[in-house]
Amino acid sequence: MNTLKIQNQAGIAFSINRYQRNDNAITRTLEKLSGADKLTRAADNASGLSISETMRGQIRGLATAQLNMQDGLSVLETTDAGLQHVSSVLQRIRELAVQTSTDTVSDSDRGTVQEELDQLLQSIDDTAEKMEFNTQTILGDVRPLYIHVGANSGQTLRIDTVNVSTASLGIAIAKLSNREEAENLIAKVDTAKSIISSHVTNTGADYEVLTQHKDNVSNIEASLLKSESLIRDPDMAYEMVEFVKQGIRQKGDEMLIKHTNQNVNDVLSLFS
């Protein structure tokens, strides 16, 4: 007795298996296209993912370091503004000292000038005591400020606060009651102005160094971003082509399975 075998299971199984593989490939491609990241899982590129994560840590550290440096620059800008104010006040004090360094000034005039002098001295002390950055005084004492300027430990730059109080400048007790006191104050103010000038120079130098370092860090961050992008960012044109190819293959497998099933049904209908 002859038997009739319809050989369709192997072909269907092969097509279904290929269809499933292609469906998984489409899913991965869609993940890359939708998330703009070709490393969606370690299996995509284990070593690349590890390198990329290290780069991302460095990139984020460098971005934060730039914020730190911007704060440092703001401190220096505030310091410079305070020093410029004190310098202008000292200039006015010197004018008063020169004005009263002659015997043609009356005692009444000296008293009026002394009142202005006292106010100017108080203005300097107020600047020293009250000028702050983030609640910290920056002109009332001398102390180091360490700015973290890199992504890793130990990468710091030091800037120093300054003291511009009248005591530190040597003019805390200033009198203009006679010509000798006025002459003496001129010399003291000249010394004080030299101190302020030195502070201004140092502040400017620190500002320049910090600015250059910030620019360098910005360039390093940009380079790392580019390198990290080459590892993680998908080639959108390539992925789109792959997506179209996968779609065509998937449609082909669907048609093959449908056609095979239809042939089987046609053969079986002969026996009905």
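Only a predicted model underlies this, so the values are computations on that prediction, with no experimental measurement involved.

**A look at the overall build of the protein**
The secondary structure content of the protein amounts to six helices and four strands. Mapped from its N terminus to its C terminus, the protein presents α and β elements in the order α-α-α-β-β-β-β-α-α-α. Burial status across the protein gives 32% buried among its 272 residues. Long-range contacts, defined here as pairs at least 24 residues apart, represent 74% of the contacts in the protein between residues at least 6 apart. Here the protein has roughly 16,100 Å² of accessible surface; of this, 53% comes from carbon and sulfur atoms.

**Some remarks on the pattern of salt bridges**
Counting across every chain of the model gives seven salt bridges. Between Arg-179 and Asp-103 there is a salt bridge, with its nearest N and O atoms 3.7 Å apart. With a gap of 76 residues between them, Arg-179 in helix H5 (residues 179-232) and Asp-103 in the loop between helix H2 (46-99) and helix H3 (107-130) connect regions that are remote in the sequence. For Arg-179, a relative accessible area of 30% puts it in the partly exposed group. Close ionic contact of Arg-143 with Asp-141 constitutes a salt bridge, the shortest N to O distance being 2.9 Å.

**Considerations on the confidence of the model for the protein**
Per-residue confidence for the protein averages 81 on the pLDDT scale, and 66% of its residues sit at or above 70. This stretch, residues 1-7, has a pLDDT under 50; its non-local contacts, to residues over four places away or in other chains, come to four contacts.

**Comments concerning the nonpolar core**
Core analysis: the biggest nonpolar cluster contains 39 residues, and Leu-90, Ile-93 and Leu-185 have the highest contact counts within it. Going through the elements one at a time, H2, H3, strand E3 (144-148) and H5 are the ones with two or more residues in this core. Among the elements that line this core, the one with the most residues is H2, at 13 residues. The residues touching Ile-93, leaving out its near neighbours within four places in the chain, are Leu-117, Leu-120, Leu-121, Ile-124, Leu-185 and Val-189.

**Remarks on the side chain of Arg-110**
Within the secondary structure, Arg-110 is located in helix H3. The charged side chain of Arg-110 is buried without a salt bridge, its nearest counter-charge being Asp-103 at 4.4 Å. At 2.9 Å, the side chain of Arg-110 forms a polar contact with the backbone oxygen of Thr-102.

**Things to note about the pairing of E3**
The side chains of a regular strand alternate, first on one face of the sheet and then on the other. With burial as the criterion, only one face of E3 is covered, namely that bearing Leu-145 and Ile-147; the residues Pro-144, Tyr-146 and His-148 on the opposite face remain uncovered. With five bridges connecting them, E3 and strand E4 (residues 156-160) associate as antiparallel partners. Note that in E4 the partner of Tyr-146 across the bridge is Arg-158.

**Here's the deal with the environment of Gly-72**
Secondary-structure assignment places Gly-72 in helix H2. Judged by relative accessible area, which is 1%, Gly-72 ranks as buried. When the C-alpha positions of Gly-72 and Phe-133 are compared, they lie 9.8 Å apart, and in sequence the two are 61 residues distant. Those residues in contact with Gly-72, other than ones at most four positions away along the chain, are Ile-147, Ile-159 and Leu-210.

The rules behind each value
- Residues numbered from 1 in each chain as written.
- Predicted model: local features only at pLDDT ≥ 70, side-chain atom pairs only at ≥ 80, totals over all residues.
- Heavy atoms only, no water.
- Helix = DSSP H or I, 4+ residues; strand = E, 2+ residues; numbered from the N terminus.
- Buried < 20%, exposed > 50% of the residue type's maximum accessible area, 1.4 Å probe, protein only.
- Contact = heavy atoms within 4.5 Å.
- Areas by Shrake-Rupley, 256 points an atom, 1.4 Å probe, with all protein chains shown as cover.
- Salt bridge = Lys/Arg side-chain N within 4 Å of Asp/Glu carboxyl O.
- pLDDT = per-residue confidence, 0-100.
- Core = buried A, V, L, I, M, F, W, Y, C linked by side-chain atoms within 4.5 Å.
- Lys, Arg positive; Asp, Glu negative; His and termini not counted.
- Polar contact = N/O pair within 3.5 Å; in protein donor to acceptor, adjacent residues only side chain to side chain.
- Pairing = 2+ DSSP bridges.

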